[in-house]
Amino acid sequence: MLVSFSFANFKSFRDETKLSLEPVIKQKDLLYSILHTHVGKEDCQGLCSSVFYGPNASGKSNVICALHVFKTVTFSF
C-alpha cells in the first residue's frame, strides 16, 4: 500500500512535491473509504482513492507520470 510519495526535479516539478494518501478524518461518515492493513505489528491506514484536479497545464499528468516511473523502476529489479 502506497501511503506517501514524494519527488523532485521531474518534468514541471523543480521543488519537492509530496502526495500523501494518509486519511484525515473530518467526517465520520466516510470511514468506508479508508483501507486498513497490518505491517508487522503496526496498523496502517490509507485512502482507497484520490482525485487530481486543477487548471490545464498545471502538472496533473506529470504526477501520474512520476508514479508510473516509480512503478517501472521499483518492479524492474
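Here, the structure is the one placed above.
Residues numbered from 1 in each chain as written. Predicted model: local features only at pLDDT ≥ 70, side-chain atom pairs only at ≥ 80, totals over all residues. Heavy atoms only, no water.

Draft legend 1. How the structure looks around the overall build of the protein. When helices and strands are counted, the protein shows one helix and four strands. Scaling as 2.2 N^0.38, a compact globule of 77 residues should have a C-alpha radius of gyration of about 11 Å, whereas the protein reaches 15 Å, well beyond that. Its C-alpha atoms give the protein principal-axis dimensions of about 35 × 35 × 20 Å. When the 77 residues of the protein are sorted by exposure, 17% land in the buried category. The contacts of the protein with a sequence gap of at least 6 include a subset with a gap of at least 24, amounting to 38%. (Helix = DSSP H or I, 4+ residues; strand = E, 2+ residues; numbered from the N terminus. Rg over C-alpha atoms; globule rule 2.2 N^0.38 Å. Buried < 20%, exposed > 50% of the residue type's maximum accessible area, 1.4 Å probe, protein only. Contact = heavy atoms within 4.5 Å.)

Draft legend 2. The arrangement of the pairing of strand S3 (residues 34-39) in detail. Relative to strand S4 (residues 42-47), S3 is paired through six bridges, and the arrangement is antiparallel. Its bridge partner lying in S4, Val-39 is registered against Glu-42. Taken together, S3 and the strand that follows it, S4, pair antiparallel across an intervening segment of two residues, in which Gly-40 is found at a positive phi of about 65°. (Pairing = 2+ DSSP bridges.)

Draft legend 3. The arrangement of the environment of His-36 in detail. Mapping His-36 onto the fold places it in strand S3. Taking C-alpha positions, His-36 is 14 Å from Val-24, a pair spaced 12 residues apart along the chain. When near neighbours in sequence (up to four residues on either side) are disregarded, His-36 contacts Asp-43, Cys-44 and Gln-45.

Draft legend 4. Local environment of the nonpolar core. Counting residues in each nonpolar core, the largest one holds seven residues, listed as Phe-5, Phe-7, Phe-10, Phe-13, Leu-19, Val-63 and Ala-66. The residues touching Phe-5, leaving out its near neighbours within four places in the chain, are Thr-17, Lys-18, Leu-19, Ala-66, Leu-67 and Phe-70. (Core = buried A, V, L, I, M, F, W, Y, C linked by side-chain atoms within 4.5 Å.)

Draft legend 5. Examining the environment of Asp-43 more closely. Structurally, Asp-43 is set in strand S4. Here Asp-43 falls in the partly exposed class, since its relative accessible area comes to 45%. Taking the C-alpha atoms as reference, Asp-43 lies 38 Å from Ala-57; in sequence the two are 14 residues apart. Those residues within four positions of Asp-43 in sequence are excluded, and the remaining contacts are His-36, Thr-37 and His-38.

Draft legend 6. Looking closely at the packing of aromatic side chains. Counted under the stated rule, the structure contains four aromatic pairs. On the numbers, 6.3 Å between centres and 85° between planes, the contact of Phe-7 with Phe-10 is edge-to-face. Each member of the pair, Phe-7 as well as Phe-10, carries the same accessibility label: buried. Residues Phe-7 and Phe-13 carry aromatic rings whose centres are separated by 5.2 Å and whose planes lie at 85° to one another, so their mutual orientation is edge-to-face. Residue class for Phe-7 comes out buried when judged on its relative accessible area of 10%. (Phe/Tyr/Trp six-rings, centres within 6.5 Å; stacked < 30°, edge-to-face > 60°.)

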